[in-house]
Amino acid sequence: MNYYLAEHAYLPQGWQENVYLAIIDGQISYLSQTPLTEGKPEKLKGLLIPAMTNLHSHAFQRALAGLTEHTIGHSDTFWTWREAMYQLAMRFKPESLKVVAKQLYSEMLLAGYGSVVEFHYLHQPDPLAMSEALIEAALETGIRLTLLPVLYQQGNFKGAALSEGQKRFHLSLDDYHRLLSS
């Protein structure tokens with residue numbers, strides 16, 4: 001166990017002075033203004049603040065980095081980016097999703113994020129396995145995860161049928177309920 005004293009810390013009740021914390025296996029196990037009876041704490045330099053949260057992630061899109069940061073002329077639009085994303089999505093399986101998510105989540109941790117909200121809509125070929133890949137990636141990297149499975153049934157806001165590229169995102173209402181209950 002590592003035992004520390006933070007002279008200034010931001011807690012849910014606001015800025016506090018002289019906050020004691022104990023860390024076991026990389027996790028804060030004690031956080032209080034009352035000292036532990038065991039040992040003398042090491043003083044922390046700087047401020048103790050909670051890690052940031054990434055509130056909107058689509059982990060599989062990390063694999064697009066470097067592939068779409070250029071224009072191909074005046075016809076290059078958001079929709080051409082979407083087509084590139086659809087082509088990429090067609091290639092993912094649970095194993096490759098986990099690898100990409102682990103890379104992304106590791107990069108988030110290094111950048112100061114402590115948790116991520118994953119808007120997950122890459123459901124096929126196996127909705128449960130695709131969700132589990134993200135959960136395993138989060139567990140293995142140590143980032144906290146809020147997994148939000150998206151019910152994707154239309155191709156646009158006007159109710160169009162799914163395009164070929166969007167079919168990897170589809171879930172029937174029954175499949176969605178099964179995913180949530182599992």
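For the structure itself, consult the block above.
A brief report on the enclosed structure follows. Note that the structure is a prediction, hence the values are computed from the model and not measured. (Residues numbered from 1 in each chain as written. Predicted model: local features only at pLDDT ≥ 70, side-chain atom pairs only at ≥ 80, totals over all residues. Heavy atoms only, no water.)

Scanning the protein chain for helices and strands turns up four helices and seven strands. Each helix and strand of the protein chain, placed in order from N terminus to C terminus, yields the pattern β-β-β-β-β-α-α-β-α-β-α. In terms of overall dimensions, the protein chain is more spread out than a globule: its C-alpha atoms have a radius of gyration of 21 Å, far above the 16 Å expected for 182 residues. Across the 182 residues that make up the protein chain, the buried fraction comes to 35%. Within the structure as shown, the protein chain displays about 11500 Å² of accessible surface, and the carbon and sulfur contribution to it stands at 56%. (Helix = DSSP H or I, 4+ residues; strand = E, 2+ residues; numbered from the N terminus. Rg over C-alpha atoms; globule rule 2.2 N^0.38 Å. Buried < 20%, exposed > 50% of the residue type's maximum accessible area, 1.4 Å probe, protein only. Areas by Shrake-Rupley, 256 points an atom, 1.4 Å probe, with all protein chains shown as cover.)

Moving on, we get to the nonpolar core. Ranked by internal contacts, the top residues of the largest apolar core, which has 26 residues, are Phe60, Met85, Phe92, Leu97, Tyr105, Leu122 and Phe169. Per-element accounting of this core gives the leading share, six residues, to helix 2 (residues 94-110). (Core = buried A, V, L, I, M, F, W, Y, C linked by side-chain atoms within 4.5 Å.)

As a further point, take the packing of helix 2 against helix 3 (residues 127-141). Where helix 2 contacts helix 3, the axes come no closer than 8 Å and their chain directions differ by 35°. Viewed along their axes, helix 2 and helix 3 form a crossing whose handedness is right-handed. Of the residues in helix 3, those in contact with Pro94, Leu97, Lys98, Ala101, Lys102, Tyr105, Ser106 and Leu109 of helix 2 are Ala129, Met130, Ala133, Leu134, Glu136, Ala137, Ala138, Glu140 and Thr141. Considered class by class, the residues forming the contact of helix 2 with helix 3 number eleven nonpolar, two polar and four charged. (Axes fitted to C-alpha atoms, helices over the stretch in contact; angles between N-to-C directions. Left-handed = near helix turned anticlockwise from the far one by under 90°. Contact = heavy atoms within 4.5 Å. Nonpolar A, V, L, I, M, F, W, Y, C, P; charged D, E, K, R; others polar.)

Applying the stated criterion across every chain, the model contains seven salt bridges. Glu164 serves as the salt-bridge partner of Lys167, at 3.3 Å between the closest nitrogen and oxygen. Taking relative accessible area as the criterion, Glu164 reaches 53% and is therefore assigned exposed. Connected through shared salt-bridge partners, Lys98, Lys102, Glu136 and Glu140 make up one network. (Salt bridge = Lys/Arg side-chain N within 4 Å of Asp/Glu carboxyl O.)

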